[in-house]
Amino acid sequence: MSDHTEHPSPAAAFPDLLHAQRVWDTELPDFDPAAAPPAPLALFRSWFAGAVAAGQTEPHAMSLATTDSEGLPDVRTLLLHDADERGFHFATHATSAKGRQLAARPYAALGFYWPAQGRQVRVRGPVVRCTPAESHADLHARSTGALAAALTGAQSELVGSVAELHRAADTAWERATAEPDTEAPTWTRYVVEPAEVEFFQGDARRRHIRLRYRRAEGGAGTVGWTRELLWP
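A. The arrangement of the overall build of the protein in detail. Across its full length, the protein holds six helices and 10 strands. When the backbone C-alpha atoms are referred to their principal axes, the protein occupies close to 85 × 55 × 40 Å. Burial statistics for the protein: of 232 residues in total, 34% are counted as buried. In the protein, 64% of the contacts between residues at least 6 apart in sequence involve partners at least 24 apart. Looking at the protein, you have 23 positive and 29 negative side-chain charges, and the mean spots of the two groups are 7 Å apart.

Structure below.
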């Protein structure tokens, strides 16, 4: 008798592993869209604070979707730097892949997901570059590690080896520590000016609530918002 034990292949086991995962295995908050504020910023800030209070890991992490030179979608995860009346702020190198894509097609979509409360927020709109002074202030409001990463500078370019990466990172860390006010010329702060903002509240019985705000320009440059309920 053979003592060899056969194990299912990873490919065969994956569907079982995947379908065993639970979704929102917790009590979810209520959301009454009729009581939502007239503009999306206040609701976003309220939901963000709720995610923090619920212990959501990295609630400021978001997906940023852009399009490349062929019009194909591209997406990555980065951090929100602010949300104010102008829009949703983030920063990157203007020479990075996303920086180049935004220069060619200055429009983007953002996605926030807070599973601790079964909530998502989706944002779409044009993207504008902030001033050099704002970009400088953004960079130097962050940690030494963030400054060192910015000084490394070759974001999205090919790197020859992990050793090369480590050498460049160590050099940048030393410079960031010795010269905390140094510049990273390509570091740029951007703002997504929301044309649409959708709030999704999950429900265990799949009666999800989706509330979409659509921006409408009024007279004398005023901004109004139309609120719409969507089928889940």
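There's plenty left to go through after this.
B. Region of the structure containing the pairing of strand β1 (residues 61-67). Bridge count between β1 and strand β2 (residues 73-79): seven bridges; the pairing is antiparallel. By the bridge assignment, Leu64 is partnered in β2 with Arg76. Sheet topology note: the β1/strand β5 (residues 107-114) ladder contains three bridges and is antiparallel. Bridge pairing in β5 links Ser63 to Gly111.

C. Quick peek at the side chain of Thr66. For Thr66, the location among the structural elements is in strand β1. On the basis of relative accessible area, Thr66 is assigned to the buried category, the value being 4%. Those residues in contact with Thr66 that sit more than four places away from it in its chain are Leu72, Pro73, Asp74, Arg76, Gln101, Leu102 and Ala108.

D. Broad picture of the side chain of Thr182. For Thr182, the location among the structural elements is in the loop between α6 (162-178) and β7 (187-192). The buried category is assigned to Thr182, whose relative accessible area is 8%. Once residues lying within four places of it in the same chain are set aside, the contact partners of Thr182 are His140, Leu147, Leu151 and Arg175.

E. Layout of the pairing of strand β8 (residues 196-201). Among the six residues in β8, five count as buried, and that is most of the element. Alignment of strand β6 (residues 119-129) against β8, held across six bridges, turns out to be antiparallel. Each bridged residue has a counterpart across the sheet, and for Val121 the counterpart in β8 is Phe199. With six bridges connecting them, β8 and strand β9 (residues 209-217) associate as antiparallel partners. Following the sheet pairing, Phe200 is matched in β9 by Arg210.

F. Representation of the environment of Arg45 within the structure. Structurally, Arg45 can be placed in helix α2 (residues 40-53). Residues Arg45 and Gln56, 11 residues apart in the sequence, show an inter-C-alpha distance of 14 Å. For Arg45, the contacting residues outside a window of four places in its chain are Ala83 and Asp84. Among the polar contacts listed, one links the side chain of Arg45 to the backbone oxygen of Ala83, at a separation of 2.8 Å.

G. Region of interest: the nonpolar core. Core analysis: the biggest nonpolar cluster contains 29 residues, and Phe44, Phe88, Phe90, Phe112 and Val121 have the highest contact counts within it. Those elements that place two or more of their residues in this core are α2, β1, β4 (88-93), β5, β6, β7, β8 and β9.

H. Quick look at a nonpolar patch on the surface. A surface patch of nonpolar side chains, about 310 Å² in accessible area, is lined by Phe14, Leu17 and Leu18. Note on placement: Leu18 falls in helix α1 (residues 10-19). A relative accessible area of 43% means that Leu18 is categorised as partly exposed.

I. Expanded view of the packing of aromatic side chains. Scanning the model with the defined rule gives 13 aromatic pairs in all. Here Phe44 and Phe88 contribute two aromatic rings whose centre-to-centre distance is 5.0 Å and whose plane-to-plane angle is 90°, an arrangement assigned as edge-to-face. With a gap of 44 residues between them, Phe44 in helix α2 and Phe88 in strand β4 connect regions that are remote in the sequence. Of the two residues, Phe44 and Phe88, both sit in the buried class. Relative to Tyr190, the ring of Phe90 lies with its centre 5.4 Å away and its plane at 15°, an arrangement referred to as stacked. With Phe90 in strand β4 and Tyr190 in strand β7, this pair connects stretches of sequence that are 100 residues apart.

Calculation criteria
- Residues numbered from 1 in each chain as written.
- Predicted model: local features only at pLDDT ≥ 70, side-chain atom pairs only at ≥ 80, totals over all residues.
- Heavy atoms only, no water.
- Helix = DSSP H or I, 4+ residues; strand = E, 2+ residues; numbered from the N terminus.
- Buried < 20%, exposed > 50% of the residue type's maximum accessible area, 1.4 Å probe, protein only.
- Contact = heavy atoms within 4.5 Å.
- Lys, Arg positive; Asp, Glu negative; His and termini not counted.
- Charge placed at Lys NZ, Arg CZ, Asp CG, Glu CD.
- Pairing = 2+ DSSP bridges.
- Polar contact = N/O pair within 3.5 Å; in protein donor to acceptor, adjacent residues only side chain to side chain.
- Core = buried A, V, L, I, M, F, W, Y, C linked by side-chain atoms within 4.5 Å.
- Patch = residues over 30% accessible without salt bridge, like charges linked within 9 Å, V, L, I, M, F, W, Y side chains within 5 Å.
- Areas by Shrake-Rupley, 256 points an atom, 1.4 Å probe, with all protein chains shown as cover.
- Salt bridge = Lys/Arg side-chain N within 4 Å of Asp/Glu carboxyl O.
- Phe/Tyr/Trp six-rings, centres within 6.5 Å; stacked < 30°, edge-to-face > 60°.

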